[in-house]
Amino acid sequence: MSAINPDEQTAQQLAGLRPGAADRSKHADLGDGTLVEAPGERAPLVLNDRSAHDVTEIVCGYAENTPPKWWLPAFLIAASSTGLLGVGVLYLIITGVGVWGLNNQVNWAWDITNFVFWIGIGHAGTLISAILCLLKQKWRTAVNRSAEAMTIFAVTCAGIFPAIHVGRIWFIWFVFPIPNYNYIWPNFQSPLLWDVFAVSTYATVSGLFWYMGMIPDFATMRDRAILRLNASASAGEKKKLPDILRAYIFTLLAQGWRMSSRHWHRYEMAYLLLAGLATPLVLSVHSIVSFDFATSVVPGWHTTIFPPYFVAGAIFGGFAMVLLLLIPIRELYANFKDFLTLRHLENMSKILLATGMMVGFAYAMEFFIAWYGGNEYEWYVFINNRANPAMAPYWWAYWAMITCNVLSPQVFWFKKMRTNPLVIWLVALFVTIGMWFERFVIIVTSLHRAWLPATWHMFWPTWVDIGIFVGSIGLFLTLFLLFLRFVPVFPIAELKAVLPEADPHRGHGDHDEPGADVHGGGHGELSAPKGAH
């Protein structure tokens, strides 16, 4: 029955007197119970009937308890890979950029490829969180914190490459308009300088957006540490050093947060303003990155489709990276599936499919405009430098890009595929690889054959190219693993806001428990939640 003319059972569900998900476990096609498609029934966003107290215990437990056995080996591997970055950059600075596989014709290659790749991933994280916040999508609570963290770490990796590709890294400060005795000023007409301002502004806003969303959780972590210290003092036990450090560090980070209504009001206003500021900023920043290419006259770059094409690709690659990281964590962390459900994975798979089709449309339009414009040099780049296996040396990179970015997401037309975590993870992996190949194809295949055949040169990476790129991946994973270890992975207060007990129309006797901290303060009992162990 509909909500307008409900039967007795539907009326009780609407009134909050009967839990709407009572019989979901009996239906195999509902997966974990969140894949319900009934118009009058809303899928749960948190599973296993978790209370507000349970949410605090589980999410804070990820940062407070001993890490799982897999965490330390994974961290050591990632940190060791980061060492390759340090070795490669140091060798590059001492020797010069000639240690890369660059030549007179291909003077941009893996350095700018990796820069645009990481910038794309970084732009998507804040865009995901900000747009879903403005659209009031409650399912964002499972992915927004990780997506925002991913932004900060990806921009950190991206910032390395513009600095080291200039050759004389000790002169990188010349890109800023700082008064100097050399009378050298930045060229404000260059899109490369626009990158400096755009990326630095975006990194600042993204950092503020991420930090602002964590302030209530920092206060919860602070209060829990202080409670444990007080309990130890009352029992005559020695205070534990981790709790002392948490109390001091999170007290500083919480900035005096006291869970008052005034604090919540200002927090929500500031968070909404930052979300509104971040959304157009993301669109403009990745458009500016595309101007590095679109404002040139190089065939394969000189096209007006690049700004929307790059933005769609950033969202596409960003969602893929979020899925690539969170699906393994979902399997490895206890109770993670209660917050990141199959419904969340399905929603992100749908967005991946939609943005993949946008990217595929952009690929097709490039060929159409090259043909319709009648520019023989442009047409030559797309056919004989990229697509034609008989003529294009890098045809394998182009078709790897098409296979990964256009063909692989098409499996998400089938519900069984977009609700299967393994399939979703494999597609996300293919998309991540494909988005790197996209940047490689755009840059290298447009440069390696210039106007005269005598200047044609092939590009092949050296061990320094590969080592610095692998090291940047190691840096990204190292930072993400530290984030998982020391910071609440989910926004605790926002998770509690989507619980059934937060619904004002819900019955008061359905889920009230002693010690349940409904308002997000984390002041309830510190006992383990149901199923936590």
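See above for the structure.
Remember, predicted model here, so these are calculated numbers, not experimental data.

About the cut-offs
- Residues numbered from 1 in each chain as written.
- Predicted model: local features only at pLDDT ≥ 70, side-chain atom pairs only at ≥ 80, totals over all residues.
- Heavy atoms only, no water.
- Helix = DSSP H or I, 4+ residues; strand = E, 2+ residues; numbered from the N terminus.
- Buried < 20%, exposed > 50% of the residue type's maximum accessible area, 1.4 Å probe, protein only.
- Contact = heavy atoms within 4.5 Å.
- Areas by Shrake-Rupley, 256 points an atom, 1.4 Å probe, with all protein chains shown as cover.
- Phe/Tyr/Trp six-rings, centres within 6.5 Å; stacked < 30°, edge-to-face > 60°.
- Lys NZ or Arg CZ within 6 Å of the ring centre and 35° of its normal.
- Core = buried A, V, L, I, M, F, W, Y, C linked by side-chain atoms within 4.5 Å.
- Salt bridge = Lys/Arg side-chain N within 4 Å of Asp/Glu carboxyl O.
- 1 Å grid on protein atoms, 1.4 Å probe; cavity = no way out; pocket = protein on both sides within 12 Å on 5 of 7 lines; lining within 4 Å.
- Points joined across faces, edges and corners; volume = space filled by probe spheres on them.
- Nonpolar A, V, L, I, M, F, W, Y, C, P; charged D, E, K, R; others polar.
- Polar contact = N/O pair within 3.5 Å; in protein donor to acceptor, adjacent residues only side chain to side chain.
- Axes fitted to C-alpha atoms, helices over the stretch in contact; angles between N-to-C directions.
- Parallel < 35°, antiparallel > 145°, perpendicular 65-115°, else oblique.
- Left-handed = near helix turned anticlockwise from the far one by under 90°.
- Expected span 1.5 Å × (residues − 1).
- Bend = angle between axes of the 7 residues up to and from the residue.

(A) Highlighting the overall build of the protein chain. When helices and strands are tallied, the protein chain shows 16 helices and 0 strands. Taken across its 533 residues, the protein chain has 52% of its residues classed as buried. Residue pairs in contact within the protein chain that sit at least 24 positions apart in sequence constitute 77% of those at least 6 positions apart. Split by element, the accessible area of the protein chain, about 24,800 Å² in all, is 68% carbon and sulfur.

(B) How the structure looks around the environment of V289. Mapped onto the secondary structure, V289 falls in helix α8 (residues 261-294). Since its relative accessible area comes to 0%, V289 is described here as buried. Separated by 94 residues in sequence, V289 and D195 place their C-alpha atoms 6.1 Å apart. Beyond its immediate sequence surroundings of up to four residues, V289 is in contact with V116, I119, D195 and F310.

(C) Summary view of the packing of aromatic side chains. All chains considered together, the criterion is met by 52 aromatic pairs. In textbook terms, an aromatic cluster arises when at least three aromatic residues are bridged by ring pairs, as seen for W110, F117, W118, Y394, W396, W436, F437, F440, F459, W460, F469 and F476. The cationic tip of R386 hangs over the ring face of F382; the distance from NZ or CZ to the ring centre is 4.7 Å.

(D) Region of interest: the nonpolar core. Counting residues in each nonpolar core, the largest one holds 149 residues, and the members touching the most others are W118, F293, F336, M348, F476, F483 and F490. Ranked by residue count, the leading element in this core is helix α9 (residues 306-332), at 17 residues. With residues near it in sequence (within four places) discarded, F476 still touches W118, M150, F153, A154, C157, M321 and L325.

(E) Quick peek at the pattern of salt bridges. This model, assessed by the stated rule, comprises 15 salt bridges. Residues R228 and E64 are paired through a salt bridge, measuring 3.3 Å at the closest nitrogen-oxygen approach. Taken together, the residues span a long stretch of sequence, with R228 in helix α6 (residues 191-234) and E64 in helix α2 (residues 52-64) at a distance of 164 residues. The pair R228 / E64 is uniform in exposure class, with both members buried. One salt-bridge network, in which partners are shared between bridges, spans E57, E64, R224, R228, D243 and R246.

(F) Structural context of empty space enclosed by the protein. Inspection of the entire model under this criterion finds 2 cavities of 30 Å³ or more. In this model, the largest cavity occupies a volume close to 50 Å³. For the lining of the largest cavity, the secondary structure elements donating two or more residues are α10 (342-372), α11 (376-387), α12 (395-407) and α14 (421-447). Per-element tally for the lining of the largest cavity: the top contributor is α10, with 3 residues. Classifying every residue of the lining of the largest cavity by side-chain character gives 8 nonpolar, no polar and 2 charged. Quantified by volume, the second largest cavity comes out at close to 40 Å³. Every residue lining the second largest cavity is listed: L92, I93, V97, I164, G167 and I169. Along the lines of polarity and charge, the residues of the lining of the second largest cavity split into 5 nonpolar, 1 polar and no charged.

(G) Just the side chain of D243, in detail. With respect to the helices and strands, the residue D243 is situated in helix α7 (residues 241-254). At a separation of 3.3 Å, a polar atom in the side chain of D243 contacts the side chain of R246. Beyond its immediate stretch of four places on either side in the chain, D243 contacts A225, R228 and L229.

(H) Layout of the packing of α8 against α9. Following both chains from N to C, one finds α8 and α9 inclined at 125 degrees, their axes separated by 8 Å at the closest point. It follows that α8 is oblique to α9 by the angle criterion. Here the hand of the crossing between α8 and α9 comes out right-handed. Contact with α8, carried on its side by L283, H286, S287, V289, S290, F291, F293 and A294, involves F306, P307, F310, V311 and A314 of α9 and no other residues of that element. Counted by class, the contact of α8 with α9 contains 10 nonpolar, 3 polar and no charged residues.

(I) How the structure looks around the side chain of T419. Tracing the backbone through its elements, the reader meets T419 in the loop between α13 (415-418) and α14. Here T419 falls in the buried class, since its relative accessible area comes to 15%. A distance of 2.7 Å separates a polar atom in the side chain of T419 from the backbone oxygen of K415.

(J) Quick peek at unusual backbone geometry. A positive phi angle, near 55 degrees, is found at Q255, a position not held by glycine. When its relative accessible area of 57% is taken as the criterion, Q255 is described as exposed.

(K) Summary view of the packing of α10 against α14. Packing of α10 against α14 brings their axes to within 11 Å, and their N-to-C directions diverge by 30 degrees. When the axis of α10 is compared with that of α14, the two are roughly parallel. Classified by chirality, the crossing of α14 by α10 is left-handed. Across the interface between the two elements, L342, L345, S349, L352, V359 and Y363 from α10 touch P421, I424, V427 and E438 from α14. When the residues that make up the contact of α10 with α14 are grouped by side-chain class, the tally is 8 nonpolar, 1 polar and 1 charged.

(L) Here's a closer look at α14. The first and last C-alpha atoms of α14 sit 39 Å apart over 27 residues, in line with the 39 Å expected at 1.5 Å per residue. Along its length, α14 shows its largest kink, about 25 degrees, at V441. Most of α14 is tucked away: 20 of the 27 residues are buried. Of the residues flanking the start of α14, the one acting as N-cap is N420, its side-chain oxygen 3.0 Å from the backbone nitrogen of L422.

(M) Here's a closer look at the environment of I169. With respect to the helices, strands and loops of the structure, I169 is situated in the loop between α5 (144-164) and α6. On the basis of relative accessible area, I169 is assigned to the partly exposed category, the value being 22%. Once residues within four sequence positions are removed from consideration, I169 is found in contact with I93, A163 and I164.

Interpretation note: all reported values are geometric properties and have no functional meaning in isolation.
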